[in-house]
Amino acid sequence: DYKIIFMEREMDEVLKSQQVMLNRSDKNAYPAILAGTFDKQLKNIKEWIERQPNIEVLYIDYAEAVNNSQKTAEEIEQFLGEDLNIQAMSVAVDKSLYRNSKPVWN
């Protein structure tokens, strides 16, 4: 049996991150193409997970995890059924690393 903690993030934020990475490597990608590809991959993964009788999944929203790390840590503890150090988990989140500005193509 497996338990998966699946972090979800707004597509615009994912695409911005990908675009910045591609720009650093002098590669071009079009956001609409990336969005379609990522959406299709996520849909396929979620459908596959749903068909697996030996897998439980907890979906965590990235922005919520960054902005409310205490609550997220508590949800993870409950999902795993383990006694975890909630305080250590929540203070490990560095909010300064969350760059949720507008996509670079706007």
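None of the values given here were measured: they were computed from a predicted structure.

## Considerations on helix α4 (residues 69–80)
Here's step 1: When the terminal C-alpha atoms of α4 are compared, their 16 Å separation across twelve residues agrees well with the 16 Å that a helix rising 1.5 Å per residue should span.
Here's step 2: When α4 is considered as a whole, its buried residues turn out to be Ser-69, Thr-72, Ala-73, Ile-76 and Phe-79. Burial along α4 is one-sided: seen end-on, the buried residues are contained in an arc of 125°.
Here's step 3: A positive backbone phi angle near 70° is found at Gly-81, which sits one or two residues after α4.

## Describing the pattern of salt bridges
Here's step 1: Enumeration over the complete set of coordinates arrives at four salt bridges.
Here's step 2: Notably, a salt bridge pairs Glu-47 with Lys-43, separated by 3.6 Å at the nearest N-O pair. Of this pair, Glu-47 and Lys-43 both sit in helix α2 (residues 31–50), four residues apart, roughly one helical turn.
Here's step 3: On the accessibility criterion, Glu-47 (33% relative accessible area) is partly exposed.
Here's step 4: Here Lys-71 ties to Glu-64 by a salt bridge, and the two come within 3.8 Å at their closest N and O atoms.
Here's step 5: If you follow the salt bridges from partner to partner, you end up with Glu-64, Lys-71 and Glu-75 in one network.

## Things to note about the side chain of Ser-69
Here's step 1: Structurally, Ser-69 can be placed in helix α4.
Here's step 2: A polar contact of 3.0 Å, which involves the side chain of Ser-69, links it to the backbone oxygen of Ser-90.
Here's step 3: Every residue in contact with Ser-69, bar those within four places of it in the chain, is listed here: Glu-64, Ser-90 and Val-93.

Thresholds, definitions, all that
- Residues numbered from 1 in each chain as written.
- Predicted model: local features only at pLDDT ≥ 70, side-chain atom pairs only at ≥ 80, totals over all residues.
- Heavy atoms only, no water.
- Helix = DSSP H or I, 4+ residues; strand = E, 2+ residues; numbered from the N terminus.
- Expected span 1.5 Å × (residues − 1).
- Buried < 20%, exposed > 50% of the residue type's maximum accessible area, 1.4 Å probe, protein only.
- Arc of directions from axis to C-beta.
- Salt bridge = Lys/Arg side-chain N within 4 Å of Asp/Glu carboxyl O.
- Polar contact = N/O pair within 3.5 Å; in protein donor to acceptor, adjacent residues only side chain to side chain.
- Contact = heavy atoms within 4.5 Å.

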